[in-house]
Amino acid sequence: MSVTSNPAVPEDGVVVIGAGIGGLCLAQGLRRAGIPCAVYERDASPEARLQGYRLHIDEHGAAALREVLSDELYERFLETSLRPNPTVPLYDHQLTLQSVREFPDAGFNVNRMTLRRVLLSGLDDVYFGKRLTHYESDASGVTAHFADGTSARGRVLVGADGVSSPVRRQCLPHARIADTGLRQLYGKIPLDDEARLLFDDEMHAVFTMMVGPGHTMVGVAPVAHPEPFMTCSVGLRREAIGLSEEELSGLSGRQLQELALELVDGWHPRVRAMVSRWAVETVFPLVIRTSVPFSPWGSGRVTLLGDAVHAMSPAAGAGANCALRDGAALAGALREGVTAAVADGAIAAYEEAMLAKGFAAVRESAANGHQFLGQDPLPV
């Protein structure tokens, strides 16, 4: 990975905005196909922003990784992943087991940062501290302009820049992002010998939910790398938290933990002990947003993938897998050459399939979120 102040200019290649797992999956696929590509990320470094500690990679996400990664890097992904129990247990807030959903495609639980580092491996043209302000498109290519005064030009530009995507705002000003009404307080629990006693064997699953009054939910899931830990989140309706988005984001990790403990007051002592064992330096809040499905747009030299186009609540565990699938699919669409892909409609075909699959996952996530967490229905 190269990090410099002077962005590369892949005149015959692809400019990717965003170095999340979707954008890096695309970059790995393009590298494997021999297509020039450079990635530009607004954050100062891979560790600059907390986004979550655990991803569930299902068969679709794993297939995408297998397609774009070298054998060595795919083995590194496998070695740093964990095979959870193939279930999703549901408890009430007093830890009475209510149901167990079988999950035949148990897939892998993986540390988001570990997977991101795997995807960064071998990519020479990844540049951090590059915040896109706007782009300009013409008959021969696209120029991306950054806040530091630099620019980069390629034949195609891809917005892989997340739910707040500047690329989407310029490309698709009609696309809507909605507040789901949900908030999460998110932390991790190091699994020392004492902490392990808090979790039943059944909780070492794809995901475990503990649901209490008012749709308040505590969710846990195991991760193995770089050390064993449990992710642990407290999710609830915005009305129950009683704080604005700005007030919530201004709280320290310790204050967020104290707030979470108030929210699970009266729950089973083991649940409260889980929250009390959060490593406070890892705790952060999330405002859960979702895309509102829309029809395919007229394709050109600018396209999108992942949360930049079909952001969703985590209630179906599909967001990361959709982003990986998008990255691999777009790399495949561009494999025969970027100019040819523009001319023969390969990008438009990618967009049509991507929207169908991505918005199906958005709708499933919204339905699950409404059932278990009280998520607002998708706007129409």
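Residues numbered from 1 in each chain as written. Predicted model: local features only at pLDDT ≥ 70, side-chain atom pairs only at ≥ 80, totals over all residues. Heavy atoms only, no water.

**Some thoughts on the pairing of strand E8 (residues 132-137)**
Reasoning step 1: Sheet analysis places E8 next to strand E9 (residues 142-146), joined by five bridges and oriented antiparallel. Its bridge partner being in E9, tyrosine 135 is matched across the sheet by alanine 144.
Reasoning step 2: With antiparallel pairing between neighbouring strands as the criterion, E8 and E9 make up a hairpin whose turn holds four residues. (Pairing = 2+ DSSP bridges. Helix = DSSP H or I, 4+ residues; strand = E, 2+ residues; numbered from the N terminus.)

**Comments concerning the side chain of glutamine 28**
Reasoning step 1: Turning to its location among the elements, glutamine 28 is positioned in helix H1 (residues 21-33).
Reasoning step 2: Glutamine 28 sits in the buried class, given a relative accessible area of 1%.
Reasoning step 3: Ignoring anything within four residues of it in the chain, the contact list for glutamine 28 reads Val68, Leu69, Leu73, Val118, Leu119, Leu120, Ser121 and Leu123. (Buried < 20%, exposed > 50% of the residue type's maximum accessible area, 1.4 Å probe, protein only. Contact = heavy atoms within 4.5 Å.)

**Observations concerning the domain arrangement of the chain**
Reasoning step 1: As assigned here, the chain comprises domain 1 (14-84 + 106-177 + 291-373) and domain 2 (180-289).
Reasoning step 2: Placing the centre of domain 1 and that of domain 2 at their C-alpha centroids yields a distance of 28 Å.
Reasoning step 3: Counting residues at the interface gives 24 residues for domain 1, matched by 28 residues for domain 2.
Reasoning step 4: Here domain 1 and domain 2 share an interface that buries about 2,000 Å² over both sides, 70% of which is from carbon and sulfur atoms.
Reasoning step 5: When the buried area of domain 1 at its contact with domain 2 is split by residue, Tyr53, Arg54 and Leu373 rank highest and sum to 36% of it.
Reasoning step 6: Counting the contacts that link domain 1 with domain 2 gives zero salt bridges.
Reasoning step 7: Put simply, the parts of the chain that give the side of domain 1 that touches domain 2 at least two residues each are strand E6 (108-110) and helix H14 (346-373).
Reasoning step 8: If one sorts the elements of the side of domain 1 that touches domain 2 by residue count, H14 sits on top with four residues.
Reasoning step 9: Split into classes, the residues belonging to the side of domain 1 that touches domain 2 amount to 13 nonpolar, ten polar and one charged. (Domains from an automatic or database assignment. Buried area = accessible area lost by both parts, 1.4 Å probe. Salt bridge = Lys/Arg side-chain N within 4 Å of Asp/Glu carboxyl O. Nonpolar A, V, L, I, M, F, W, Y, C, P; charged D, E, K, R; others polar.)

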